[in-house]
Each structure stands twice: as C-alpha cells, then as structure tokens.
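Next come the chains, spelled out residue by residue.
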Amino acid sequence: MSLANDSVMLEVTSLCKRFGSVQAVKNLTFEVKKGEVLGFLGPNGAGKTTTMRIITCFIPASSGAVKVCGMDTVEHDLEVRKRIGYLPENNPLYFDMTVREYLRFAGEIRGQTGTRLSNRISEMFQVCGLTKMENRQIGKLSKGFKQRVGLAQAMLHNPDLLILDEPMSGLDPNQIIEIRQLIKKMGEEKTVIYCSHILSEVAATCNRILIINEGAIVAAGTPDELTAGASTSSGFTLKVKGDKASVQSKLSAVDGVTGVIVHEAGEWLEASVTTGKEDIGEKIYKCVSENGWSLAELKRHSASLEDVFTQLTRG
Amino acid sequence: MQNISAIFKKEFKTYFLSPIAYIFITVYLITTTFLFFQGFFIVNQADMRGYFDLLPWVFLFFVPAITMRTWAEEKKVKTLELLLTWPVSDVEVVLGKFFASFALLAIVVLLSVSIPITIAIIGHPDGGQIVGQYLGALLLGAAYLAIGLWVSSMTENQIVAFIVGVVVTFVLFIISTPFVTMVLPSMLAPLFTYAGLGSHFESISRGVIDSRDIIYYLSVIGFFLFLNICSLGSRKWE
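Reading the values: rules and limits
Every residue gets a number counted from 1 within its own chain, in the order that chain's sequence is written. To read the labels, note that chains go from A and ligands from 1, taken in the order they are written. Reporting in this predicted model follows two pLDDT cut-offs: at least 70 for local features of residues, and 80 or more for side-chain atom pairs to be given and counted; totals over whole chains, interfaces and linings ignore these cut-offs and use all residues. Segments assigned H or I by DSSP are reported as helices when at least four residues long, segments assigned E as strands when at least two residues long, and all are numbered from the N terminus. Atoms counted for the radius of gyration: C-alpha only. Globule rule: 2.2 Å times the number of residues to the power 0.38. A residue is called partly exposed when the number of other C-beta atoms within 10 Å of its own lies between 12 and 20, exposed at 12 or fewer, and buried at 20 or more, with C-beta atoms placed from the backbone. Throughout, a residue-residue contact means that the two C-beta atoms, derived from backbone geometry, are no farther apart than 7 Å. Here, expected helix span is obtained from the residue count minus one, scaled by 1.5 Å. Side-chain classes are defined by residue name, with Ala, Val, Leu, Ile, Met, Phe, Trp, Tyr, Cys and Pro counting as nonpolar, Asp, Glu, Lys and Arg as charged, and the others, Gly among them, as polar. Think of each axis as a best-fit line through the C-alpha atoms, taken over the contacting stretch in the case of a helix, with angles from 0 to 180 degrees between the N-to-C directions. Roughly parallel here means an angle under 35 degrees, roughly antiparallel means over 145, roughly perpendicular means 65 to 115, and every remaining angle is called oblique. Should the near helix be turned counterclockwise from the far one by less than a right angle, the crossing is left-handed, whereas a clockwise turn marks it as right-handed. At least two DSSP bridges between two strands are needed for those strands to be called paired. As used throughout, domain bounds are those supplied by an automatic or database domain assignment.

1. A closer look at the overall build of chain A
- Each helix and strand counted, chain A has 11 helices and 14 strands in total.
- Taken against the 2.2 N^0.38 rule, which gives 20 Å for 315 residues, the C-alpha radius of gyration of chain A at 25 Å runs more than 25% over that of a compact globule.
- The principal-axis extents of the C-alpha atoms in chain A amount to approximately 80 × 45 × 40 Å.
- Split into buried and exposed, the 315 residues of chain A put 40% on the buried side.
- Partitioning the intrachain contacts of chain A with sequence separation of at least 6 by distance along the chain shows that 69% fall at a separation of at least 24.

2. As for helix α2 (residues 20-43) of chain B
- The first and last C-alpha atoms of α2(B) sit 34 Å apart over 24 residues, in line with the 34 Å expected at 1.5 Å per residue.
- For α2(B), every residue scored as buried is listed here: Y28(B), F36(B) and F40(B).

3. A few points about the interface of chain B and chain A
- Every contact between the two is made by 21 residues of chain B and, on the other side, 23 residues of chain A.
- Counting residues per element, the side of chain B that touches chain A draws most heavily on helix α1 (residues 2-17) of chain B, at 6 residues.
- In terms of residue class, the side of chain B that touches chain A is built from 8 nonpolar, 7 polar and 6 charged.

4. Quick notes on the environment of S7(A)
Residues and elements named next belong to chain A.
- Inspection of the secondary structure puts S7 in the segment before β1 (8-19).
- Take S7: there are 13 C-beta atoms within 10 Å of it, and that puts it in the partly exposed class.
- On a C-alpha basis, the gap between S7 and G35 in space is 9.0 Å, while along the polypeptide they are 28 residues apart.

5. Observations concerning the packing of helix α3 (residues 99-109) of chain A against helix α4 (residues 114-127) of chain A
Residues and elements named next belong to chain A.
- One can describe the packing of α3 onto α4 by two numbers: an axis separation of 10 Å at closest approach and a directional angle of 130°. As judged from the angle between their axes, α3 and α4 are oblique. As α3 packs across α4, the resulting crossing turns out to be right-handed. In contact with R100, L103, R104 and G107 of α3, α4 contributes L117, R120, I121 and M124.
- Taken together, the residues of the contact of α3 with α4 sort by class into 4 nonpolar, 1 polar and 3 charged.

6. Some points on the sheet that holds strand β10 (residues 216-221) of chain A
Residues and elements named next belong to chain A.
- Overall, mixed pairing links the 6 strands, which are arranged β6-β7-β8-β3-β9-β10 in an open sheet. The open sheet terminates on both sides in strands that have one partner only, identified here as β6 (84-87) and β10. Between one strand axis and the next, the sheet turns by 15° as a mean value, whatever way the strands run.
- Running at roughly 165° to β6, helix α5 (residues 143-155) makes contact with β6 and β7 (161-165) of the sheet.
- Of the strands in this sheet, β3 (37-41), β7 and β8 (191-195) touch helix α6 (residues 173-189), which is tilted by about 140° from β8.

7. Let's talk about the domain arrangement of chain A
All names here are of chain A.
- Here the domain parsing of chain A yields domain 1 (8-224) and domain 2 (234-313).
- A straight line from the C-alpha centre of domain 1 to that of domain 2 covers 43 Å.
- Taken residue by residue, the interface counts 10 residues in domain 1 and 6 residues in domain 2.
- Put simply, the parts of the chain that give the side of domain 1 that touches domain 2 at least two residues each are α7 (199-205), β9 (208-213) and β10.
- Residue composition of the side of domain 1 that touches domain 2, by class: 8 nonpolar, 2 polar and no charged.

8. Considering the sheet that holds β1(A)
All names here are of chain A.
- Here we have 4 strands laid out as an open sheet, ordered β2-β1-β4-β5, and antiparallel in their pairing. Two strands lie at the open edges of the sheet, namely β2 (22-33) and β5 (71-72), each paired on one side alone.
- Relative to β5, strand β4 (residues 63-68) runs antiparallel, the two being bridged by 2 bridges. Note on β5: the bridge partner recorded for V68 is M71.
- Strands in contact with helix α1 (residues 48-55) are β1, β2 and β4; relative to β1, the strand with the most contacts, it is inclined by about 120°.

Listed below in structure tokens is the structure:
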C-alpha cells in the first residue's frame, strides 16, 4: 500500500487505556501524516510508553482506535507490525548475540532473507556507524553502540512508521548530530514519532510536537507555535555600569517591566528584567541611554520549550 | 513457518552462545552414565531399563534448568516487549522456543547412545526395545519442557522459574505413583493414575510404546504450550 505524501500515516482516535483503577491514557486523539517527525513529550508516567505500546500492537486499548496506514492495529496487527520500526525505552537487546546475528534475526522475523537481507544489514552498518562492530557481542558494546544497534534494528526493514523512545540516550554529541540528521532524512519520506525528555533535541528534530500529561494531550503544534503561545513571561539581561539603586528604580519604572533584580558583578551591574508578552527591548535600551549608563550586554530571553513543558505539565 | 524457524535458530544458538548447553551436556552425561553403570553389572542384564527408570528423576532437575531462562530472561531484560512488536504471533514464538529447547534435550539424550553401544559390545540387547525407550524418553522430556516453559513465562526470576518448575513437574509425576494413589479415595485413584506423568512412563521404560501413552504425552505438551500462549496473551487482558 503506497500513500500520498500528505496522507495520514497514523490515526489515533479517542484512545483510552485503563490498568485496573488507573486511567493511563485518556481520550487521546491525534494524527501523524507521511513525511512528519512528531515529537511526543510528557513527564514520566504521562502515558507516552503506554500509547507507544498500543500503537505497536503490544497491548490493546481499552477503548478507541489506532490505525496505521489505514489498518486497524487490532484487526490487522501482524500487517501493522510489519510497517512499524520500534526502538523501545531502555533499548532492550539480546546481549549474547553478535550485532550481525541480531540484525539477521530481526530481518528474518520480518520476512527478509538471503542477499537482500545481507545487503540491508551492510547498509545499516554504514548508516549507524557499526561497521567495525559487526562481529562483536552486543553485551560487550558501549552504551552508545548499543543504542546504534537498537536504531539499526528499528530501521532495518525500512518501516513506514518509525517509533523512537529516547533514541539519543548514551550517544555523544557527534553521534547525536549524525542520528538527528538520519532521523530528519527518514522523516522526509517516512513518518517518525520521537519520544524524549531532551526538549532541545525534540525542538531541533521535530516538525510538530505533542505534549501529554496524565494521559491527555495538553498542547500540540510546531515548536515555534508552542513557545509563542506560552503564557510564561519573557525577559532581558543587562550588563551596565551605574548606580545600583538608580538602575533598580529606573528599570522598574519602564512601562511593561514586571520585575528587576540587580546584583554586582565586579565593576559591572547585572540586571535581570522580567517583562510581560509585549516586546519592550527598545524601551529598555532608551532607559539605559537616557541615564548615560555604559552598556556591555543586552540579551533577550524568550519562553523556551522547557518553559512551555514545565508550565503545562507541572502538578 | 519462517518465523518459527527464525525463533528456533536464534534460541538454539543462544544455548550454545552461553555455557548452558555445554554444562548441561557434560553434567547430564556424567551423572546418568555413572548412576546407570553403578548397578548395571550387579543386575547383569543387557538392557537399559535401569537407565530409563532414572530419567524421570534426572529430567526433574535438568529440564527446568533448560527452560528457566527462556521467558524469565526475556521479561527481565524487556526484549519480550520488542519481540512481541515484531510481526510474529504469540503461537509462533512459543513453538519456536519449545522446538529449540526440545532440540537441545534431544541432542543431549541422543548423545547417551554410547551406553547402548557399550551394552551391545558386551551383550545382546533388544534394539527395538531401546529405540522405544528413547522415543518415550523424548516424549517425557518434551512434556517436562512444556511445563517448564509455562512456569518460566510467569516470572521474571530464573531461580523462581527453576524451583517452581521442579515442584510442578514433581507433583505431576508423583500423583500417579502408588505412594499417592494408595492414600486417595478409591474414586479418585484411577483419575490421578491417568493424569500423572509417572504411570505413563512405566511401560515406556520397559520399551513398550502404547498409543495411549503417546496421546497422553502429546496432550500434556499441547495443554502446557496452550497455557504458555495464554500467559503471553495475558498482557492484553484488562
């Protein structure tokens, strides 16, 4: 089944999951299109892993439906599983096997055999930087290489939907850049769901973000939309030379300023100015120049994804 | 079928990647050969009755040692979650693992073929009887494996899987022995005699293969593999 580029790859409708009296997922509805990299964020226990387990057909939903490539995950579970590549949280691996044996096993289960599988495994060695590790026992690899083996396993069969739970865990900064580029490349053709706690990583990799808390969606949009819509206050940091009391009182008097904290840093004063949503950078600069203070630094702070996340998921 | 074969190959190879298979083969062969030949020359009969009388007791400890790791380790390391999100059914995974453990047991049991060869050199054993005894031993071993696998599927702890596996198999074995049936009400005695693993091995250890015993062992294997499939499927229960 081939899908048009804007077609829906994953459709989650009114998804609910209960474990006894605990409602882990509450009425979750979202869709992910082909060619999209969706960041799936939420604090621990928010229901991320449960949702991923339902999408990957590991457990069924209590109610609601999940469709992958238009196929229901309950009625066509084996067909759906063929189209999904999954890297679970904590990256479980068979430590006794070598990297090649493990990838061959994963490929054979997915119906790949012979030269086609061998070629694909060699391709994954190249892509994931595992060429020198192919005959090493997985249990003896470093955490970063283990993570690459998990990624290679998830991408081996060129899945339509790639689900990655904390894929950057244990990778060094260079590897993170390589894998990020790889995920972005995968996201051009395929669909990627990226669960992570590293918010800067999600912002750098994903086109769209979904934040869930206590089993329900609390925000959805592009990283820019989410930070722009945050009610968190913005602010400025100034490094000026002048009288401390005067800096404190004059800056506080600027229209739009909600708070000022000034402290001495050597011969300079550092002032943290918090403001509302209105951009008052020009007014602050005017205040500095009108009072004849020497200015070494004027830096703007806007709401980060971390701020949005904290604001939406704080108990 | 391809999936069962892939699981089988992986599981079978795993036994030989760790010291499990080598320790198992060595200890099994030394123990059984020693115990058998200890009494062989006293009895002075060119048959393997004594060897196959020992097997249910030897298997009682050796078979749960094969199966204890099978599911418990997958659950502990969480590879089970990954495996069950691959396009493979629960039935295929269970059968692949069962056949792999059976292949290991079969290799170990058949490696004892040096015993009948030795007996054939020094006496005139009945070849047909010995073949029948080996077939019966494999059926008994397969039943023990199915029980051990089911027990392993219910825990993350290998030690628990081993101990409970030994206990369940032991109970199923002794319920048909006279030691238990003689104290039971007369109504229940025949039921326990039929249900127990022990009574069906008596004729097999003499080399007599009765179709009722074969059906019994196949039923036990099927029943415990079914319980194993249910145990895996329990993740889907509310």
